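# Geometric and topological summary
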Amino acid sequence: MIEGILINLRPQEMGDVERNARWWADPEFKWLMGRRYDVPLPAAEAAVREIAGRPVAFDQLWLAIETKDGAHIGNCGLFDVVPEDASANLGIGIGEQAYRSHGYGSDAVRTLVRFAFAEMNLNRVELDVFDYNERAIACYRKCGFVEEGRRRQARYARGVYHDTVVMAVLRNQWLAHR
């Protein structure tokens, strides 16, 4: 378990399947995550079984976000880790609507980035976020990420083209930001 201030990060478990399936079917969550289609329960179960069935590893770290009282509210992870470059991509989603905009996502990002730099010895953590997800962009900025560029009109959703914003934080920036 990786401890934050408001949250703990733990490995995914089979008990997470129904919550993940519910989140993956939520229209707002799908919009924010860039998903177009619902994930049927058997597919959600297979995905969680695959994640829960493999040991936590350097190259793909998928974790559940829990409040301090043990409520599973979302998921996050580091993926596409390149040891030679000391870099990884970060992904996060707060699935439980009641926990959005209350600091849980920011704490999860800070906790995961701290782990990436202090425990995994990474130098760079990057992410992609859609330009319409202003809440997430504000969260990432608050956590020390800076915009490095945009893939213009890279996402078509709800009848409009949207930019994908590329953001990253470097270890030295993170140390200064703390």
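Residues numbered from 1 in each chain as written. Predicted model: local features only at pLDDT ≥ 70, side-chain atom pairs only at ≥ 80, totals over all residues. Heavy atoms only, no water.

## Focus on the side chain of Thr67
For Thr67, the location among the structural elements is in strand 3 (residues 61–67). Residue Thr67 is classed as buried on the basis of its relative accessible area of 5%. Setting aside anything within four residues of it in sequence, one finds Thr67 in contact with Leu6, Ile7, Ile73, Tyr99 and Tyr104. (Helix = DSSP H or I, 4+ residues; strand = E, 2+ residues; numbered from the N terminus. Buried < 20%, exposed > 50% of the residue type's maximum accessible area, 1.4 Å probe, protein only. Contact = heavy atoms within 4.5 Å.)

## Topic: the pairing of strand 8 (residues 160–170)
In summary, the side chains of a regular strand alternate between the two faces of the sheet. Taking burial as the measure, the 11 residues of strand 8 include eight buried ones, the bulk of the element. Two elements, strand 6 (residues 124–130) and strand 8, share seven bridges in a ladder whose sense is antiparallel. Along strand 8, the bridge assignment pairs Leu127 with Met167. With eight bridges connecting them, strand 7 (residues 146–157) and strand 8 associate as antiparallel partners. Within strand 8, the position partnered with Val146 by the bridge is Ala168. In textbook terms, the turn of a hairpin is the stretch between consecutive antiparallel strands, and for strand 7 and strand 8 this stretch comprises two residues, one of which, Arg158, has a positive phi near 55°. (Pairing = 2+ DSSP bridges.)

## Focus on the sheet that holds strand 6
Spatial strand order, 1-2-3-4-5-6-8-7: eight strands in an open sheet with mixed pairing. The open sheet terminates on both sides in strands that have one partner only, identified here as strand 1 (2–3) and strand 7. Helix-sheet contacts for helix 1 (residues 17–25) involve strand 2 (7–11) and strand 4 (72–82), and the interaxial angle to strand 4 is about 85°. (Axes fitted to C-alpha atoms, helices over the stretch in contact; angles between N-to-C directions.)

## Brief notes about the pairing of strand 3
In terms of burial, strand 3 is a largely internal element, six of the seven residues being buried. Note: strand 2 against strand 3, five bridges, orientation antiparallel. Bridge pairing in strand 3 links Ile7 to Thr67. The pairing of strand 3 with strand 4 spans six bridges and is antiparallel.

## Things to note about helix 5 (residues 134–142)
An α-helix turns once every 3.6 residues. As a result, residues three or four positions apart point the same way. Every buried residue of helix 5 is accounted for by Ala136, Ile137, Cys139 and Tyr140. Mapping the buried residues of helix 5 onto a view down its axis gives an arc of 160°, with all of them on the same face. Contact partners of the buried residues in helix 5: strand 5 (87–94), helix 4 (104–118), strand 6 and strand 8. (Arc of directions from axis to C-beta.)

## Side note on the layout of surface pockets
In this structure, the largest pocket occupies an estimated 1100 Å³ of space. Around the largest pocket, the lining comprises 41 residues; the ones closest to its centre are Met33, Asn75, Gly91, Ile92 and Gly93. Sorting the residues of the lining of the largest pocket by element identifies helix 1, helix 2 (27–33), helix 3 (41–53), strand 4, strand 5, helix 4, strand 6 and helix 5 as the ones contributing at least two each. In terms of residue class, the lining of the largest pocket is made up of 23 nonpolar, 13 polar and five charged. The space that makes up the second largest pocket amounts to roughly 220 Å³. Mapped by element, the contributors of at least two residues to the lining of the second largest pocket are helix 4 and helix 6 (171–177). Residues that form the lining of the second largest pocket fall into these classes: three nonpolar, three polar and five charged. (1 Å grid on protein atoms, 1.4 Å probe; cavity = no way out; pocket = protein on both sides within 12 Å on 5 of 7 lines; lining within 4 Å. Points joined across faces, edges and corners; volume = space filled by probe spheres on them. Nonpolar A, V, L, I, M, F, W, Y, C, P; charged D, E, K, R; others polar.)

## Describing the state of the cysteines
Counted under the stated rule, the structure contains zero disulfides. We note that Cys76 lacks a disulfide partner, and the nearest cysteine sulfur, in Cys139, lies 11 Å from it. Unpaired in this structure, Cys143 has its nearest cysteine sulfur neighbour in Cys139, at a distance of 4.3 Å. (Disulfide = S-S within 2.5 Å.)

Just geometry here; none of it tells us what the structure is for.
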